[in-house]
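Chain residues, written in single-letter form:
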There are 2 protein chains.
Amino acid sequence: MEDVRIGDISAPGRLAEPEEAISLEELALAARNHGLPLEALRYDLTPAGLHYVLVHYDIPATDADTWQLTVRGLVETPLTLDMPTLRSYPARTQRVTMECAGNGRARLAPRPVSQPWLVEAVGTAEWTGVPLRTLLAEAGVAAGAVEAVFTGADHGVERGVEQDYQRSLPLPVATGEAPEVLVAYEMNGRPLPPQHGHPLRLVVPGWYGMAHVKWLRDIALTDTPFTGFQQEVAYRYRQSSDDPGEPVTRIAPRALMIPPGFPDFMSRTRVVRPGRVRLEGRAWSGHALVTGVEVSTDDGRTWNKTELAPPDGHDWAWRHWRASWTATPGLHELSVRAHDAEGHAQPLDQPWNRGGFANNLVQRVSVLCLAEPDGSG
Amino acid sequence: MEDVRIGDISAPGRLAEPEEAISLEELALAARNHGLPLEALRYDLTPAGLHYVLVHYDIPATDADTWQLTVRGLVETPLTLDMPTLRSYPARTQRVTMECAGNGRARLAPRPVSQPWLVEAVGTAEWTGVPLRTLLAEAGVAAGAVEAVFTGADHGVERGVEQDYQRSLPLPVATGEAPEVLVAYEMNGRPLPPQHGHPLRLVVPGWYGMAHVKWLRDIALTDTPFTGFQQEVAYRYRQSSDDPGEPVTRIAPRALMIPPGFPDFMSRTRVVRPGRVRLEGRAWSGHALVTGVEVSTDDGRTWNKTELAPPDGHDWAWRHWRASWTATPGLHELSVRAHDAEGHAQPLDQPWNRGGFANNLVQRVSVLCLAEPDGSG
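Residues numbered from 1 in each chain as written. Chains lettered and ligands numbered in written order. Predicted model: local features only at pLDDT ≥ 70, side-chain atom pairs only at ≥ 80, totals over all residues. Heavy atoms only, no water.

## Some thoughts on the interface of chain A and chain B
Across the contact, 76 residues belong to chain A and 76 residues belong to chain B. Across the interface of chain A and chain B, roughly 6,700 Å² is buried in total on both sides, 63% from carbon and sulfur atoms. Counting the surface chain A buries against chain B, the share from its top three residues, I9, F265 and M266 of chain A, is 13%. In this assembly, chain A and chain B are joined by 8 salt bridges. R270 of chain B is the partner of D58 of chain A in a salt bridge, and the nearest nitrogen-oxygen pair spans 2.5 Å. Linking chain A with chain B are 31 residue pairs in polar contact (both at pLDDT 80 or more), by the criterion used here. For the side of chain A that touches chain B, the secondary structure elements donating two or more residues are α1 (24–32), β5 (147–158), β14 (262–263), β15 (270–272), β21 (330–340) and β22 (363–369) of chain A. For the side of chain A that touches chain B, the element with the highest residue contribution is α1 of chain A, accounting for 9 residues. Class assignment for the residues of the side of chain A that touches chain B results in 40 nonpolar, 18 polar and 18 charged. (Contact = heavy atoms within 4.5 Å. Buried area = accessible area lost by both parts, 1.4 Å probe. Salt bridge = Lys/Arg side-chain N within 4 Å of Asp/Glu carboxyl O. Polar contact = N/O pair within 3.5 Å; in protein donor to acceptor, adjacent residues only side chain to side chain. Helix = DSSP H or I, 4+ residues; strand = E, 2+ residues; numbered from the N terminus. Nonpolar A, V, L, I, M, F, W, Y, C, P; charged D, E, K, R; others polar.)

Below you can see the structure in the form of structure tokens.
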């Protein structure tokens, strides 16, 4: 018997060296998981297959016909719920913009080595399910409960720790009204696709994706805060490896632009013709309503207000913005930035942390304005 | 007016330097496009969002209500067909395994710099539409026609050339019976998703993905072979940049394994427990039926036959295979290889070409067999 151990294949987190490019391991994650192609910002609701996906381990093989959700721990009446029972509760549908906490990581210097998102780990869907507080009210919250711990069916190893994916929410968040947390079984009016948690997932409007536990199979109320890997080791804002850090929770504001014109295949640089170019996109914040979006067409030297779509009652979903730009021949750098009603704004310098979380540095879009289709300027 | 030209943002194809790792440009393509997470080999039909996607430029904004397909050139009666008319023809449904011609590119040394696929650019769907030969018979093929040229609505720049995406098929292929080429409007029983060509695409069973023109808007019969970029510049097997090369057409055989056990998040190395482990996956070839799949559990030193599912009439779709392996503690390298009825087989050494096409080198899966969950060997 060889002397093997899990540390042989599962290394601690690390930062890339200053000149170190993307590794094949990071590329393998980028090939499995995927972002929103930015032109898909045109859809109010992101169609299936264009919404970002991050799966820590494997997409588990699940069966809605036999699926059971248990609600236990510090409750008065433990529950075991199958899908027909869950569907028999009054349903709620919420439009939610979801974003991976690691969005922007691959743009950081130094770069934390993990899923290498650039800016595209986002999507908006309508999620239908039972409010979590309905289920907790039915079970009855017992005295002393402080957190709800959610367990998914996905199993793997991370930084040497074998685990089921687990995250918790403080009880006031789990039972809150704004946002109202959902135990969701439909995405855009259809059963959840496998990669989005089929048949059941948590949806926590306004929070980064790590909170929306997929393939949800168990909810346990506890009298102490949860200290599992995804809560206490991963998903914290740390400046160094011995910094306990603060937990990652709500989504920082971000605006993205639909890249105008058409792209070069390899560089993704855009090409437009001289004249008026419509600029548009979406902006969101998990803290409060987005109240302003500004664009710059001169590499961040000057900024101009854009026109925001009026509030539509979907408080946890992105907001459409638009502006007009008169393009002149030459190479241009476009950027866009959002701020919200609580005063959070996108930074012009990278907000670095060791896990590479919430890097909402403004997006940059390179655009070549060409006078003629044949390529002469 | 600045002196700008398209070559400023669109460079010629190149090979990576020997030590050059994945660039941010390659990463941006990997974040947009995506492969099949290998555990999704478990599904006979790949669910929406898990099938591989490669989009050369942007996903165009299309509208099925106003979409028109023109059939013109060397035909007796030019046609302009809207979606209701296309749906009024007798429909055909075909199960087809589709693979990107660039699958395996990022494993090559030297690595052609382009979409950096590892092994996962594949998927299987049921495509429903009108046989192309039905439409060509209706239009009437005029004397002298030798090729059909297909134009999609996606527009961009590639290697300095501004273009709509266009590809051709020789007329005997376009009007052939095996495979029967489809003008498809449904994928797995639903309208095509935007990223798969909504509302209309070509499906050429057995051919690599570049032939299956998406967002299909025009078919033109010509009396000379098509010499457009995607036919004569890209998608050719070349050994050097001045080698005219041979065209990329049918899919070379490949077998893939569902990685057994569970993964480490970052390295994707698998973990299993000692004892019997079921190995299974899919195998396909665009030339002929897959007639054999072999696995190796000792890093390619010995190979064993696997059990193939009986032929099910879906001649253009992947075939399921399975085997059993008794895992013992230690680190193991698993591989799998397919061969087909015409004698094509997967190579054990990389089949290099300058575009990085059809690299069907055998897959390798690293598996750590651990005696105990706590990590001691």
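The discussion continues.
## Considerations on the pattern of salt bridges
If you walk through the whole model with that rule in mind, you get 38 salt bridges over all chains. Between E26 of chain A and R111 of chain A there is a salt bridge, and its shortest N-O distance comes to 2.9 Å. With E26 of chain A in helix α1 and R111 of chain A in the loop between β3 (92–99) and β4 (122–131), this residue pair connects regions lying 85 residues apart in the sequence. Note on E26 of chain A: relative accessible area 0%, which makes it buried. One salt bridge in this structure joins R217 of chain B and D164 of chain B, with 2.7 Å as the shortest N-O distance. (Buried < 20%, exposed > 50% of the residue type's maximum accessible area, 1.4 Å probe, protein only.)

## Concerning the relation of the copies chain A and chain B
Rotating chain A by 180° and translating it 0.0 Å along the rotation axis places it on chain B, where the RMSD comes to 0.0 Å. Taken together, the rotation and translation describe the operation of a two-fold axis. Minimal C-alpha separation from the rotation axis in chain A is found for G49 of chain A, amounting to 1.7 Å. Comparing interface residues between copies, 100% of those in chain A also lie at the interface in chain B; the contact surface is shared. (Least-squares fit on C-alpha atoms with pLDDT ≥ 70 in both.)

## Remarks on the sheet that holds strand β6 (residues 161–170) of chain A
Residues and elements named next belong to chain A. Taken in spatial order, the 5 strands line up as β2-β1-β10-β5-β6 in an open sheet, and their pairing is mixed. With one partner strand each, in any of the chains shown, β2 (79–82) and β6 form the two edges of the open sheet. Each strand axis lies, on average, 25° off the axis of its neighbour in the sheet, ignoring direction. Bridge count between β5 and strand β10 (residues 216–222): 6 bridges; the pairing is antiparallel. Bridging across to β10, A148 finds its partner in L221. Contacts between helix α3 (residues 132–139) and the sheet are confined to β1 (68–73), β2, β5 and β10, with β2 contributing the most and set at about 135° to the helix. (Pairing = 2+ DSSP bridges. Axes fitted to C-alpha atoms, helices over the stretch in contact; angles between N-to-C directions.)

## A short note on the sheet that holds β14 of chain A
All names here are of chain A. Within the open sheet, the 6 strands sit side by side as β14-β15-β22-β21-β17-β18. Their pairing is mixed. The open sheet has two free edges, formed respectively by β14 and β18 (304–305), since each of these has just one partner strand. Of the pairings in the sheet, the one linking β15 to β22 comprises 3 bridges and is parallel in character. Bridge assignment links V271 to a residue of β22, and that residue is L368.

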